[in-house]
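Below, each chain spelled out in residue letters.
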Amino acid sequence: MSGGLHSLATIIKRLEAATSRLEEIAELNSSIAPRLGSTDSSSGYPSVAPIPASPSPTVPAPPPPPPPPPPAPTSGPAVPGVPEIPQSATAFSENVIDAKVKPFVELTKSFAATPVIEVVDLIAKQFDDVHGLVLLYANCQQPDQKTKEGLLTPLSAGIEAVAHAKEKNRKERDWFGHIAFLSEVGAHVGWVVSPKPASHINEVRDSVVYYGNKIMQEYKSKDPKHVEWVKAFLVILDELKKYVLEYHATGLTWNPKGITVEAYQSGAKGAAAPAPPAPPPPPPPPATAPAAGAGGVAAVFAQLNRGEEVTKGLRKVDKSEMTHKNPTLRASNVVPASTPTAKKPIKPIKPQALTGKKPPKFALEGSKWVIEYQENERSLIVEETSRNQSINIFGCKNSTIVVKGKVNTVTLVTGTAPTIQLDSTDSGQIYLSKDSLGTEITTAKCSAINISLPVEGEEEGVFEEQAVPEMLRTVVKNGKLVTSVVEHAG
């Protein structure tokens, strides 16, 4: 019995000790309740935040690895439409622009007034435009006529800008001689369309020399810098002629194995822009939402969100189909299906060039007579001419133009001349296009007249020069004078 009581007492002590231990655990849990974490998914009990370990000597974390260096730029594939620069364009840039034109611009800025500097800048831009045209011709196939005219537009604009500068600065008494000298230079770009570029440059040089001599005579004893300035530009023309004789003796020629002008121009724009940096890696694709049904509410709102686009697919309702204007339809509540109507033919659009008739022009601009868009004029007379003047005839129809006196050159562009009469003319050059081979040419008291004809089977711009006979033989037959051309054999 005593043994059983002793065992019972022992059990009670153990129960009391277990109870005390449970009470301590309950107090401990209530004190750490704020640190309770999320509920453990496996047991359903709250997870207790871990008690921080005792402090220990911290070891510095290794530095983060440096970011990888950007990839080295690679040349990549060549931009289509931008082939290598030809030797002719390199020579023009180095021998003409860099060696002659740029020093002339700097010389002008060292002593000339602002109006003169502005005109010189216009001429420098003309040389840059010609350089771009040399590049284009060397790399491209021959385009259609409309495209060719568009390519020459900057050159025409440059000539007009130089001529306008002269008229604008007529009040510059001290510098007008220099501006007039430069105004004669603007036409030098015409060599790109001339079958004989060197001859064209010679003609421009002769016109320039007239005003250049005046400047040199006036400033010979005053300021030698003006004399140097005139000679510097004459050297430019000489270098330009030398370049033309070496690379373009018969004018600019297209590259039959080249690319199209459109491809060249688009490629040149792409080459001019710097390559953009490599794009960052794309973001992860967004979770795709389940597509709404074709007839659901989401589809209706998607159509409404298109704004004005939503009504573009609707057809116009005819009055016969409108119920508020047709009592029969209101009675039946049925609208008959419309029959397809035939489409009306589209009215052809008149070309821009024919939308309006351009005004005629007959004026002396500097040393150039400009005769444009004259129609059915039978008494156009150019008087008070001089050897340094030139005559440009453009877009004239059914008109008679009489030139009295002597001029440097007469140019007929965009048109045909049924008759050309030359009287008392010394040393003349006539170029006939394929459309003007029916022209009748009459000469009287003339010498050294040459006519250049297009060579059949050759590309455009190739001419063959033939001389107008000057030696005649006259004999008496049956009491009448019979005249024939003297022919030389061998």
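A quick note: this is a predicted structure, and the numbers were derived from the prediction, not measured. (Residues numbered from 1 in each chain as written. Predicted model: local features only at pLDDT ≥ 70, side-chain atom pairs only at ≥ 80, totals over all residues. Heavy atoms only, no water.)

Draft legend 1. Spotlight on the environment of Ala232. Tracing the backbone shows Ala232 in helix α8 (residues 224-247). Sequence spacing of Ala232 and Val101 is 131 residues, and the spatial spacing of their C-alpha atoms is 8.9 Å. Once residues lying within four places of it in the same chain are set aside, the contact partners of Ala232 are Phe104 and Leu107. (Helix = DSSP H or I, 4+ residues; strand = E, 2+ residues; numbered from the N terminus. Contact = heavy atoms within 4.5 Å.)

Draft legend 2. Structural context of the packing of aromatic side chains. Under the criterion given, the structure shown has twelve aromatic pairs. When the centroid spacing of 3.8 Å and the interplanar angle of 20° are considered together, the rings of Tyr137 and Trp254 count as stacked. Residue Tyr137 is found in helix α3 (residues 114-139), and its partner Trp254 is found in the loop between α8 and α9 (261-272); the two are separated by 117 residues along the sequence. Each member of the aromatic cluster is reached from another via a ring pair, and the members are Phe104, Phe111, Trp175, Phe181, Trp229 and Phe233. For the cation-ring pair, Lys222 lies above Tyr219, with the distance from its terminal atom to the ring centre recorded as 5.7 Å. (Phe/Tyr/Trp six-rings, centres within 6.5 Å; stacked < 30°, edge-to-face > 60°. Lys NZ or Arg CZ within 6 Å of the ring centre and 35° of its normal.)

Draft legend 3. Broad picture of the pattern of salt bridges. Inspection of the entire model under this criterion finds eight salt bridges. For Arg170, the salt bridge goes to Glu167, with nearest N and O atoms at 2.9 Å. Glu383 is paired through a salt bridge with Lys404; the nearest N and O atoms lie 3.9 Å apart. Note that Glu383 is positioned in the loop between β5 (380-382) and β6 (390-394) and Lys404 in the loop between β7 (401-403) and β8 (409-413), a separation of 21 residues in sequence. A residue is classified by how much of its surface remains accessible, and Lys404, at 45% relative accessible area, is partly exposed. (Salt bridge = Lys/Arg side-chain N within 4 Å of Asp/Glu carboxyl O. Buried < 20%, exposed > 50% of the residue type's maximum accessible area, 1.4 Å probe, protein only.)

Draft legend 4. Examining the nonpolar core more closely. Within the largest apolar cluster, 60 residues are counted, with the highest numbers of intra-cluster contacts made by Phe92, Phe127, Phe181, Leu182, Trp191, Trp229 and Tyr243. Secondary structure elements with two or more residues in this core: α2 (87-109), α3, α5 (153-168), α6 (176-183), α7 (197-219), α8 and α9. In terms of residue count, α3 provides more of this core than any other element does, 13 residues in total. (Core = buried A, V, L, I, M, F, W, Y, C linked by side-chain atoms within 4.5 Å.)

Draft legend 5. Layout of the pairing of strand β14 (residues 472-477). The element β14 is largely exposed, with a buried count of zero among its six residues. Relative to strand β15 (residues 480-485), β14 is paired through six bridges, and the arrangement is antiparallel. Following the sheet pairing, Val476 is matched in β15 by Leu481. Between β14 and β15, which pair antiparallel and follow one another directly, the connecting turn spans two residues, one of which, Asn478, has a positive phi of 55°. (Pairing = 2+ DSSP bridges.)

Draft legend 6. Main features of the side chain of Ser194. Positionally, Ser194 belongs in the loop between α6 and α7. Assessed through its relative accessible area of 14%, Ser194 is described here as buried. In this structure the side chain of Ser194 is engaged in a polar contact, spanning 3.2 Å, whose partner is the backbone nitrogen of Lys196. (Polar contact = N/O pair within 3.5 Å; in protein donor to acceptor, adjacent residues only side chain to side chain.)

Draft legend 7. Looking closely at empty space enclosed by the protein. Scanning the entire structure with this criterion turns up one cavity of 30 Å³ or more. Volume-wise, the largest cavity comes out at about 40 Å³. Of all the secondary structure elements, the ones that give two or more residues to the lining of the largest cavity are α2, α3 and α8. For the lining of the largest cavity, the element with the most residues is α3, which contributes four residues. Across the lining of the largest cavity, the residue classes tally to ten nonpolar, no polar and no charged. (1 Å grid on protein atoms, 1.4 Å probe; cavity = no way out; pocket = protein on both sides within 12 Å on 5 of 7 lines; lining within 4 Å. Points joined across faces, edges and corners; volume = space filled by probe spheres on them. Nonpolar A, V, L, I, M, F, W, Y, C, P; charged D, E, K, R; others polar.)

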